[in-house]
Amino acid sequence: MATNRTFTMIKPDAVENGHIGAILAKINTAGFKIVAMKLTQLSKRDAEIFYGEHSERPFFGELVEFMTRGPIVSAILEKENAVEDFRTLIGATNPAEAAEGTIRKMYATSIGENAVHGSDSDANAAKEGAFHFSGRETF
Ligand code: GDP
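Sequence order as written defines residue numbering, which begins from 1 separately in each chain. Only residues with pLDDT of 70 or above have their local features reported here, since the model is predicted, and side-chain atom pairs are shown and tallied only from 80 upward, although totals for entire chains, interfaces and linings are computed over all residues. To get the side-chain values, take all heavy atoms of the structure and skip hydrogens and water.

The buried fraction of strand S3 (residues 72–78) amounts to seven of the seven residues, a majority that puts the element mostly inside the structure. The two faces of S3 match: Ile72, Ser74, Ile76 and Glu78 on one face and Val73, Ala75 and Leu77 on the other face are all buried. For two strands to count as paired, DSSP must find a minimum of two bridges between them. Secondary structure is summarised from DSSP: a helix means a run of H or I of at least four residues, a strand means a run of E of at least two, and numbering begins at the N terminus for each. Note: strand S1 (residues 5–10) against S3, six bridges, orientation antiparallel. Its bridge partner lying in S3, Arg5 is registered against Glu78. Per-residue accessibility, obtained with a 1.4 Å probe over protein chains only, is compared with the maximum for each type, and a residue is labelled buried under 20%, exposed over 50%, and partly exposed between these values.

On to the packing of aromatic side chains, then. Planes of paired rings set the category: under 30 degrees apart is stacked, over 60 is edge-to-face and the rest tilted, where pairs are Phe, Tyr or Trp rings (Trp by its six-membered ring) whose centres lie within 6.5 Å. Inspection of the entire model under this criterion finds four aromatic pairs. Summarising the aromatic geometry, the rings of Phe50 and Tyr51 are spaced 5.0 Å apart at their centres and angled 75 degrees between planes, so their arrangement reads as edge-to-face. For Phe50, a relative accessible area of 12% gives the class buried. Among the residues examined, Tyr51 registers a relative accessible area of 6% and is labelled buried. Residues Phe50 and Phe131 carry aromatic rings whose centres are separated by 6.1 Å and whose planes lie at 55 degrees to one another, so their mutual orientation is tilted. Here Phe131 lies in helix H7 (residues 122–132) and Phe50 lies in helix H3 (residues 44–50), a separation of 81 residues in the sequence. Among the aromatic residues, those joined into a cluster by ring pairs are Phe7, Phe50, Tyr51 and Phe131.

The four strands lie next to each other as S2-S3-S1-S4, forming an open sheet whose pairing is antiparallel. Looking at which strands have only one partner, the edges of the open sheet turn out to be strand S2 (33–40) and strand S4 (116–118). On average, each strand axis in the sheet is tilted by 15 degrees relative to the strand beside it, whichever way the strands run. Relative to S3, S2 is paired through seven bridges, and the arrangement is antiparallel. Looking across to S3, one finds that Lys33 is bridged to Glu78. To get an axis, a line is fitted to the C-alpha atoms, and for a helix only the part in contact is used. The angle between two axes follows their N-to-C directions and goes from 0 to 180 degrees.

Let us look at the site of the ligand. The local shell around the ligand consists of Lys11, His54, Phe59, Glu62, Leu63, Arg87, Thr93, Arg104, Ile111, Gly112 and Asn114. Within the side chain of His54, one N or O atom sits 3.1 Å away from an oxygen atom of the ligand. Here a polar contact is recorded for every N or O atom pair within 3.5 Å, except that within protein the pair must consist of a potential hydrogen donor and a potential acceptor, and residues adjacent in sequence are included only if both atoms are side-chain atoms. With respect to the ligand, the side chain of Asn114 contributes an N or O atom lying 2.9 Å from an oxygen atom. When the free accessible area of the ligand is taken as 550 Å², the share hidden by the protein chains comes to 82%. In this classification, the charged set is Asp, Glu, Lys and Arg, the nonpolar set is Ala, Val, Leu, Ile, Met, Phe, Trp, Tyr, Cys and Pro, and all remaining amino acids, among them Gly, are polar. Each residue belonging to the shell around the ligand can be placed in one class, and the counts come to three nonpolar, four polar and four charged. The nearness test applies per residue and asks whether one of its heavy atoms lies within 4 Å of the molecule or strand. In this description, accessible areas are obtained by the Shrake-Rupley approach with a 1.4 Å probe, and a residue is regarded as covered only by the protein chains that are shown.

Any carboxyl oxygen of Asp or Glu within 4 Å of a side-chain nitrogen of Lys or Arg constitutes a salt bridge here. Scanning the model with the defined rule gives seven salt bridges in all. When the shortest N-O distance is used, the salt bridge between Glu100 and Lys105 registers 3.9 Å. For Glu100, a relative accessible area of 69% gives the class exposed. Residues participating in the shared-partner salt-bridge network are Glu16, Arg69 and Glu113.

In structure tokens:
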């Protein structure tokens, strides 16, 4: 079933590099409404749970290390066709392959440190949003 919400994180690299404002501006300009948002930091356990489906991948340790090294901005976004449209806005996982004008093309530095997360399905969007936000933090 299609929903109109997705979940995002501005990852530690983009926060460290001062790109929170620019990335949020692109998100708003693209027509997404922010319905939940916070600056937070993942614990090792949080990151291992959040990225659990990648636990067998060779880069898993590196991914957990990266995602826990500093604060992130997490948010739930609303728009028609949110999941697919947001994946288009952020671009390919590897910034070298991301289309011009996408957030990862503009702000990511490598396939690992790729500036933003975007849910890949409606089911994951709901699961990931609920992992980060309670009902009373979501509008
Ligand atoms: P996404 O859906 O575009 O975020 O990509 P994936 O679900 O395939 O991977 C999740 C995250 O793991 C990516 O956003 C990257 O931060 C990280 N990642 C993926 N591939 C690699 C890799 O080859 N090396 C490293 N270090 N990290 C990776």
